[in-house]
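Structure assessment
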Amino acid sequence: EGEKGEESGDEKVAEMELDGTGRERQHADRNKDLSIRVEKLMRQAKVASFKEICQQVGAKTARDVDIALQELKRNSLMVQGNWVERSGLTLKNRQAHARNYLLASFDRTRRLERKQLIPVLKLDYETTTKLLSELGRPLGDGYWEFRKPTDTEFMKRYPTLTSKQARSVSKKYAFSLKLLLE
């Protein structure tokens, strides 16, 4: 009986190890799935608040929220407390730098005047309008406003991340401005 008890104990340990591996695999699959959903959402939305992102991808637990944040830090930039797809993921060269310049400009102020952008961006009317339309909405008289209201709630909840993102956007601004003016 002692031997049978030991065997059944070993079997239980083996079952638990398999079950544990299964749960780990299940968590890894869920993490990957959530990351993919965040990435796809950002490619479609271009600009979204963190609350909208979590609702759309079904991030409900603290772990889900952390995974969503990690994905956003990898593939997006924060502007006015909202998340915007990184320019280099879909655009190349001058357009990517022009979009980075617009992102940083919108991060500094909610409203931009098109005529002040034209000499810096040096893009045709259609391309400039396309970039502005992804990020903002026209107000009339050549002014554009950032598409989403400033998400002060997110910025207060994550002050360190907000500071890091602001520095990153500022660096992109300086780099893109230098290249655009060459």
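Up top you'll find the structure we're talking about.
1. What about the packing of aromatic side chains?
Per the counting criterion, the structure on display carries six aromatic pairs. The interplanar angle of 85° and the centroid separation of 6.0 Å between the aromatic rings of W83 and F154 together place this pair among those described as edge-to-face. Of this pair, W83 sits in strand β3 (residues 82-85) while F154 sits in helix α7 (residues 152-157), and the two are 71 residues apart along the sequence. On the basis of relative accessible area, F154 is assigned to the buried category, the value being 4%. Summarising the aromatic geometry, the rings of F154 and Y158 are spaced 4.7 Å apart at their centres and angled 35° between planes, so their arrangement reads as tilted. The burial state of F154 is the same as that of Y158; both residues are buried.

2. A short note on helix α8 (residues 159-181)
For α8, which comprises 23 residues, the first-to-last C-alpha distance of 33 Å matches the rise-based estimate of 33 Å (1.5 Å per residue) to within 8%. Considering only its buried residues, α8 is in contact with α3 (62-75), β2 (76-79), β3, α4 (93-108), α5 (114-121) and α7.

3. Structural notes on the pattern of salt bridges
In the structure shown here, the tally under the stated rule is eight salt bridges. Across the pair R99 and E134 runs a salt bridge whose closest N-O atoms are separated by 3.1 Å. Taken together, the residues span a long stretch of sequence, with R99 in helix α4 and E134 in helix α6 (residues 125-135) at a distance of 35 residues. When sorted by exposure, R99 lands in the same class as E134, which is buried. We note a salt bridge from K115 to E113, for which the minimum N-O separation is 3.7 Å. Relative accessible area serves as the criterion here: at 62%, K115 is assigned to the exposed category. The exposure class of E113 is buried, given its relative accessible area of 15%. Shared partners join several salt bridges into a network, and the residues in it are E39, R43, K46 and E85.

Scoring rules and cut-offs
- Think of each chain on its own: its residues are numbered from 1, step by step along the sequence as written.
- Note on the predicted model: pLDDT of at least 70 is required for a residue's local features to be given, and 80 or more for side-chain atom pairs to be given and counted; whole-chain, interface and lining totals, by contrast, use all residues.
- The basis for every side-chain value is the complete set of heavy atoms in the structure, and neither hydrogens nor water enter the calculation.
- Ring pairs are drawn from Phe, Tyr and Trp, using the six-membered ring of Trp, whenever the two centres fall within 6.5 Å, and their geometry is named by plane angle: stacked under 30 degrees, edge-to-face over 60, tilted for the rest.
- Under the scheme used here, helices are H or I runs from DSSP no shorter than 4 residues and strands are E runs no shorter than 2 residues, and both carry numbers assigned from the N terminus.
- Relative accessibility decides the category of a residue: with a 1.4 Å probe and only protein chains considered, values under 20% of the type maximum give buried, values over 50% give exposed, and everything between is partly exposed.
- To estimate how far a helix should reach, multiply one less than its number of residues by 1.5 Å.
- Throughout, a residue-residue contact means that at least one pair of heavy atoms, one from each residue, lies within 4.5 Å.
- Any carboxyl oxygen of Asp or Glu within 4 Å of a side-chain nitrogen of Lys or Arg constitutes a salt bridge here.

Honestly, that's just the spatial picture; any functional story needs more than this.
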